[in-house]
Amino acid sequence: LERPQVVSHAQQSLSYTLFDCKWVPRSARLLCLGSAARGTGIAQLYELRGARLQLLREIEKPKPIKCGTFGATSLQQRYLATGDFDGNLNIWNLEAPEIPVYSVKGHKEIINSIDGVGGLGIGEGAPEIVTGSRDGTVKVWDPRQKDTPVANMEPVQGESKRDCWTVAFGNAYNQEERVVCAGYDNGDIKLFDLKTMSLRWETNIKNGVCSVEFDRKDINMNKLVATSLEGKFHVFDMRTQHPTKGFASVSEKAQKSTIWQVRHLPQNRDIFMTSGGSGSLHLWKYEYPAQRSKKDSEGAEMGVAGSVSLLQNVTLSTQPISSLDWSPDKKGLCVCGAFDQTVRVLIVTKLNKI
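Values in this document were obtained by computation on a predicted structure and should not be read as measured data.

Trainee: Explain the overall build of the protein chain residue by residue, including any values.
Mentor: The helix and strand inventory of the protein chain stands at zero helices and 30 strands. Since a compact globule built from 354 residues should have a radius of gyration of about 20 Å, the 19 Å found for the protein chain is in line with a globular shape. For the protein chain, the spread of C-alpha atoms along the three principal axes comes to 60 × 50 × 35 Å. By the burial criterion, 57% of the 354 residues in the protein chain qualify as buried. Partitioning the contacts of the protein chain with sequence separation of at least 6, the portion at a separation of at least 24 is 50%. For the protein chain, the accessible area works out to roughly 14800 Å², and carbon and sulfur atoms hold 46% of it. Separation of charge centres in the protein chain, based on 44 positive and 39 negative side chains, amounts to 5 Å.

Set out below in structure tokens:
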């Protein structure tokens, strides 16, 4: 088997701390979001021209920008939703970014993570945005409704609030179904069912959960990857939920340091990339077991976990790679941002051979 190679195609040094980078859908453009030295927020729009990145626009905002998503917008508008250090959720028209098209003080503290669904033609149902914050709450917003979230998942009475580090949508395969997965600093993973407005499942992976992602948002739940503070990641098979044991999973120790992000290849849901505290990227492939479920001694269905194999790994930076995004349009094109204040565009080869 020819192994895919991870080739650094273009890179750009930045004068600020980079927290998130995103491809602009249906374009050769990407966005860098972060914090300037003087404590303001920065958003830069770049275009990939050959092997270099051309700066098209720089926008400065009052508060550092932690995270962004295009997931709840239409392909025509391509509005960007961002979460900032002050707990604000803003939606921007990048063509006229002076004033947000939607703005709400969503949380009391920093918004660590954001995800969108129902836009870009991905996922059925309303366009919605989920935000997870240090204030311990996870909120779901419909941009068509001002000021109040459509769902608010907060600690129950007497439960201590945990810093929510990561959120992701899934199961949006029809108009009614939708879930949110959230990961917390104490290792908790919670799966909220937005149809029944209830906690559907929870587990603890013993270490802060840095990133969660479903392999696809717009299908029946299939797989969920969760990455952690101590270099481990867990792949849960989400097809079969056992009444007491929950979902079957396989875990893999990728490296010694934190795994900051996981992102599935848009064109192949069984391939995913993790980014690490050591400045490295690891490309993985999930192999399904011969049978995905079996019956336990009581006759209840339980899932069977598959296995994970490493396709390639590469070290790009001396600092953690904290953000990662595959191009939805060009297979193998990817952007990553690291704390060495550099954004890098990568090409992963031979993905069609796997």
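Picking up after the structure, the text goes on.
Trainee: Give me the lowdown on the sheet that holds strand β16 (residues 188-193), citing residues and values where you can.
Mentor: A sheet is described by the order of its strands in space; here four strands give the open sequence β14-β15-β16-β17, paired in antiparallel fashion. The strands lining the two open edges of the sheet, one partner per strand, are β14 (164-170) and β17 (198-204). Going from strand to strand, the sheet's axes swing by 20° on average, the running direction of each strand aside.

Trainee: Report on the state of the cysteines, specifying residues and quantitative values.
Mentor: Per the counting criterion, the structure on display carries zero disulfides. Free cysteine cysteine 164: the closest other cysteine sulfur is in cysteine 181, separated by 9.2 Å. The class for cysteine 164 is buried, based on a relative accessible area of 0%.

Parameters at a glance
Each residue is numbered by its place in its chain's sequence as written, counting from 1. Given that the model is predicted, a residue must reach a pLDDT of at least 70 before its local features are reported, and side-chain atom pairs must reach 80 or more before they are shown or counted; all residues, however, enter totals for whole chains, interfaces and linings. Just so you know, side-chain values use all the structure's heavy atoms and leave hydrogens and water out. The way it works is that DSSP assigns letters per residue, a run of H or I at least four long becomes a helix, a run of E at least two long becomes a strand, and they are numbered from the N terminus. The globule rule is 2.2 Å times the number of residues to the power 0.38, and the radius of gyration it is compared with is taken over C-alpha atoms. Only protein chains enter the accessibility calculation, which uses a 1.4 Å probe. A residue is then buried if its area is under 20% of the maximum for its type, exposed if over 50%, and partly exposed in between. Two residues form a contact once any of their heavy atoms are found within 4.5 Å. For the area figures, the Shrake-Rupley method with a 1.4 Å probe applies, and any residue is considered shielded solely by the protein chains shown. Asp and Glu count as negative and Lys and Arg as positive, but His and the ends of the chain are not part of the count. Positions of charges follow a simple convention, taking NZ of Lys, CZ of Arg, CG of Asp or CD of Glu. At least two DSSP bridges between two strands are required for those strands to pair. For every element, the axis is a line fit to its C-alpha atoms; helices are fit only across the contacting stretch, and the angle between N-to-C directions ranges from 0 to 180 degrees. Disulfides are defined as cysteine sulfur pairs within 2.5 Å.

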